[in-house]
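Topology and contacts: notes
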Amino acid sequence: METLTPFVWQMWAVYALVLTAVVLFSMERLTLEISALAILTALLIFFYLFPVPGPDGRNLLGTTALMSGFANPALIAVLALLVIGQGMFQTGALDGVTRMVADFGSRHPARTIFLTFLLVAFASAFLNNTPIVVMFIPVLATLAGRFGQRAPKVMMTLSFVSILGGMTTLIGSSTNLLAAGVVLNTKLPPIGIFDFVVPGVFLATIGFLYATLAVPRLVPDRAGPAQEIGGADQGSGKQYIAQIEVTSDHPLVGIGAVAGLFPPLRDMTVRMIQRGEHPILPPFEDISLETGDVIIIAATRQTLTESLKSGSKIFEGMLEERFAEGAGNGDAPSRPGGELTLAEAVVAPGSRMIGQTIEQIAFRHQTGCIVLGVQRRSRMIRSLLNDIRLEAGDVLLVLGKSARIQDLRHNRDVLLLEWSATELPDPKLGYRALAVFGIMVTTVLLGWLPIEIAAVAGAGAIIATGVLNVRQAARAIDRRIFLMVGAMLGVATALDVTGGAQAIAQSSVALFSGYGVPVILSAFFLATAITTNVLTNNATAVLFTPIAISTANQLGVDPMVFVYAVIFAANCSFATPMGYQTNLLVMGPGHYEFRDFVRAGTPLVILLWLAYSFFAPWYYGL
């Protein structure tokens, strides 16, 4: 401790700053951004007024050292991975997988829910788990509804298994990358992508079994049916009248009715088939679809949206024809997919559209958008879409470029429901996003590039290939992560330079010196796990990693054993909703309260703590 004596009081000042950070982040009286900036400002001012001189007289904690965290390679890698993850989410790159799971689940719902959790855990080992949870919330809601379960029985498990999957590889979580970033600033070798996969999979397996078997029994059942999750349209089952025009090369040509239903038109109700001048009404027996048929269907917005997102050829002819008809005005979308937006608009009282058909009002030429369907509550409609005379209160399902959809806000004939706007991804962009992600992972796995360079290059490729534009990529970057982690990396630097980390390590070793390394490791894991649920997982990883390295050096053991303990414990953010952002994501759909996470998450934290306490000494030979 002799080398720490000149800076003892600065060290205690840093401790006070750490405590202040914990209080500010946990109380949430101020936003994370303001709290992080306040901590960083206090740090900069303090060490400007009270510098820590080095051998050459230079301030070891000047602005360059304290703000270097914002250029930390691990932080840059986290932000780049957020851009790549947003690209995959926005283009629906994984939608095909989720649809396959949902389709399989209609036949084996119980088994499929379990397999879906496995898929989420596996995907979270390689992708940011936040967009994965967003994508799987509606999938699990559908599966749970078919199995007769309710939202609280699946949503918390979804969050937990995504966190557990993320703790198995270096790129599985921003927490892991940030801890590895602190290691890079030391003389230790860099952490590889699969360096801690064995203990990670061991803990994740135990946690997965608990999350899937015990959590559904511990959370209360206070929500409505799982089908109610995902929006009013999905929950209420409101249907739109739409039509499908069967062209010569249409996939429906020759399709016959089976028990009165047409198998390719799953989740759609066929109201009428117009064949020439003759309408064919249900029940449909011995009917095969022919070229020239116009099929009038009733379907929910979710069904229509999924068909468009999947690139289904069922609606392709209709869209291409309507887009081609509107191409001359310069306003209509040039093609399906891409930057198109789907939205709902209500026919306003007193609208000039009342009593007229969509064709008569030339809706496409006036607005640059096309009408895919009409919803009316008063009665069942069995008419061609262009024969329906609009009434006040009718809801139009419209498709157009984002700018043209936004222009409907100023249209006095319709009331745009802005919350209903949904961007439709272009499947081609989804393939590009998958290709970029695959190349990035391959270069890292083969050791051609470190994760920092590969992630930055991947983010650049996402923008260069048109998957995201610059504005969309900028929105994907979480400024809270950037400011909080950058500020806490500065605090970690101050802890290291002033000897704060070493002092904590020495005190820990002295306190448990008579109990051996396994007990010290166990206590260290528990302290980190408690902190991550009060603070945040990212800040906890940054703060505890230098302490872990110092503690291991004091004990004369491999520092990576304690670093991995930080990674695993910092990921144990199950006991509070603010412990991790996926917990916050599922709070609404699952109708959870704070105490639900305490009740279901605390035993999981304790279980993983005990598991690592027994497994690590055996595995690492301590």
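Residues numbered from 1 in each chain as written. Predicted model: local features only at pLDDT ≥ 70, side-chain atom pairs only at ≥ 80, totals over all residues. Heavy atoms only, no water.

As a further point, take empty space enclosed by the protein. One simple way to see leftover space: roll a probe sized like a water molecule over the atoms. In this structure the tally under the stated criterion is four cavities of 30 Å³ or more. In this structure, the largest cavity encloses a volume near 70 Å³. Lining of the largest cavity is provided by Val-78, Leu-81, Asn-128, Asn-129, Ile-171, Gly-172, Ser-173, Ser-174, Leu-177 and Tyr-580. Those elements giving two or more residues to the lining of the largest cavity turn out to be helix H4 (73–90) and helix H9 (174–184). (1 Å grid on protein atoms, 1.4 Å probe; cavity = no way out; pocket = protein on both sides within 12 Å on 5 of 7 lines; lining within 4 Å. Points joined across faces, edges and corners; volume = space filled by probe spheres on them. Helix = DSSP H or I, 4+ residues; strand = E, 2+ residues; numbered from the N terminus.)

Once that is clear, we can look at unusual backbone geometry. Although it is not a glycine, Ala-362 adopts a positive phi angle of roughly 50 degrees. Within the element layout of this structure, Ala-362 appears in the loop between strand E5 (340–347) and helix H15 (363–367).

Here we take up the nonpolar core. One recurring pattern in soluble globular proteins: nonpolar side chains tend to sit buried together. By size, the foremost hydrophobic cluster in this structure holds 133 residues, and its most contacted members are Phe-47, Ile-191, Phe-562, Phe-568, Phe-574 and Tyr-612. Beyond its immediate stretch of four places on either side in the chain, Ile-191 contacts Leu-170, Ala-180, Val-183, Phe-196, Met-560, Val-563, Tyr-564 and Ile-567. With 26 residues, the next largest nonpolar core counts Ile-280, Leu-289, Ala-299 and Leu-372 among its residues. (Core = buried A, V, L, I, M, F, W, Y, C linked by side-chain atoms within 4.5 Å. Buried < 20%, exposed > 50% of the residue type's maximum accessible area, 1.4 Å probe, protein only. Contact = heavy atoms within 4.5 Å.)

A complete count under the given rule lists five salt bridges for this structure. Between Arg-275 and Asp-293 there is a salt bridge, with the nearest N and O atoms lying 2.8 Å from each other. Highlighted residues: Arg-275 in strand E2 (residues 269–275) and Asp-293 in the loop between strand E3 (278–280) and strand E4 (294–300), separated in sequence by 18 residues. Put simply, Arg-275, Glu-290 and Asp-293 are held in one network by salt bridges that share partners. (Salt bridge = Lys/Arg side-chain N within 4 Å of Asp/Glu carboxyl O.)

Moving on, we come to the pairing of strand E1 (residues 239–245). In terms of burial, E1 is a largely internal element, six of the seven residues being buried. As paired strands, E1 and E4 are joined by seven bridges and run antiparallel to one another. Counterpart to Gln-243 in the pairing with E4 is Ile-296. (Pairing = 2+ DSSP bridges.)

Relative to the assigned elements, Thr-157 resides in helix H8 (residues 155–166). Relative accessible area serves as the criterion here: at 0%, Thr-157 is assigned to the buried category. Other than its neighbours up to four places away in sequence, Thr-157 contacts Phe-117, Ala-211, Thr-212, Val-215 and Pro-216.

The quantities given are spatial measurements derived from coordinates; they are silent on function.
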